[in-house]
Amino acid sequence: EGSMHVFDRRGCVSGAELQIGAGAAEVPPAAGHGVLGRCALCDSPWDKYQGKWHCVRCSLLVLVCSSCQTRDASRRSELLCEICSGKPQPG
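The model shown is predicted, which means the values in this text are computed figures rather than measured ones. (Residues numbered from 1 in each chain as written. Predicted model: local features only at pLDDT ≥ 70, side-chain atom pairs only at ≥ 80, totals over all residues. Heavy atoms only, no water.)

## Brief notes about the overall build of the protein
Helices and strands together make up the secondary structure of the protein, namely three helices and two strands. Listed N to C, the secondary structure of the protein is β-β-α-α-α in terms of helices and strands. Within the protein, the fraction of its 91 residues that count as buried is 24%. By sequence separation, contacts in the protein at least 24 residues apart represent 32% of the contacts at least 6 residues apart. A total accessible area of about 6,500 Å² is found for the protein, and carbon and sulfur atoms account for 54% of it. (Helix = DSSP H or I, 4+ residues; strand = E, 2+ residues; numbered from the N terminus. Buried < 20%, exposed > 50% of the residue type's maximum accessible area, 1.4 Å probe, protein only. Contact = heavy atoms within 4.5 Å. Areas by Shrake-Rupley, 256 points an atom, 1.4 Å probe, with all protein chains shown as cover.)

## Details of the pattern of salt bridges
One pass over the structure, following the stated rule, counts two salt bridges. Between Arg71 and Asp72 there is a salt bridge; the shortest N-O distance is 3.7 Å. The class for Arg71 is exposed, based on a relative accessible area of 54%. Ionic pairing is found between Glu78 and Arg75, a salt bridge with its closest N-O pair at 3.3 Å. For Arg75, a relative accessible area of 31% puts it in the partly exposed group. (Salt bridge = Lys/Arg side-chain N within 4 Å of Asp/Glu carboxyl O.)

## Some thoughts on the environment of Cys55
Its place among the elements puts Cys55 in the loop between helix H1 (15-21) and helix H2 (66-71). The buried category is assigned to Cys55, whose relative accessible area is 0%. Once the C-alpha coordinates of Cys55 and Arg76 are considered, the two residues, 21 residues apart in sequence, prove to be 8.5 Å apart. Ignoring any residue separated from it by four or fewer positions in sequence, one finds Cys55 in contact with Leu60, Val62, Leu79, Leu80, Cys81 and Cys84.

Rendered as structure tokens:
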């Protein structure tokens, strides 16, 4: 369930993609495909680090959905990660 950030042009891979790469039968993604992350600005489900959005205090990459990247580009200078903002972390 969920996906992992990878440091190449793919950006992230899901568990199903990893199984396919290992020779397993192709598994179609389920609706919502187990998105565990949330956009730091609008809290919508999101799991891709795009556009190099990062925390202004610690430089940790932050999840920002594509609509917020377009709509809220000016908020880049005030963006904080969950740790620096004090938001409760899931789990």
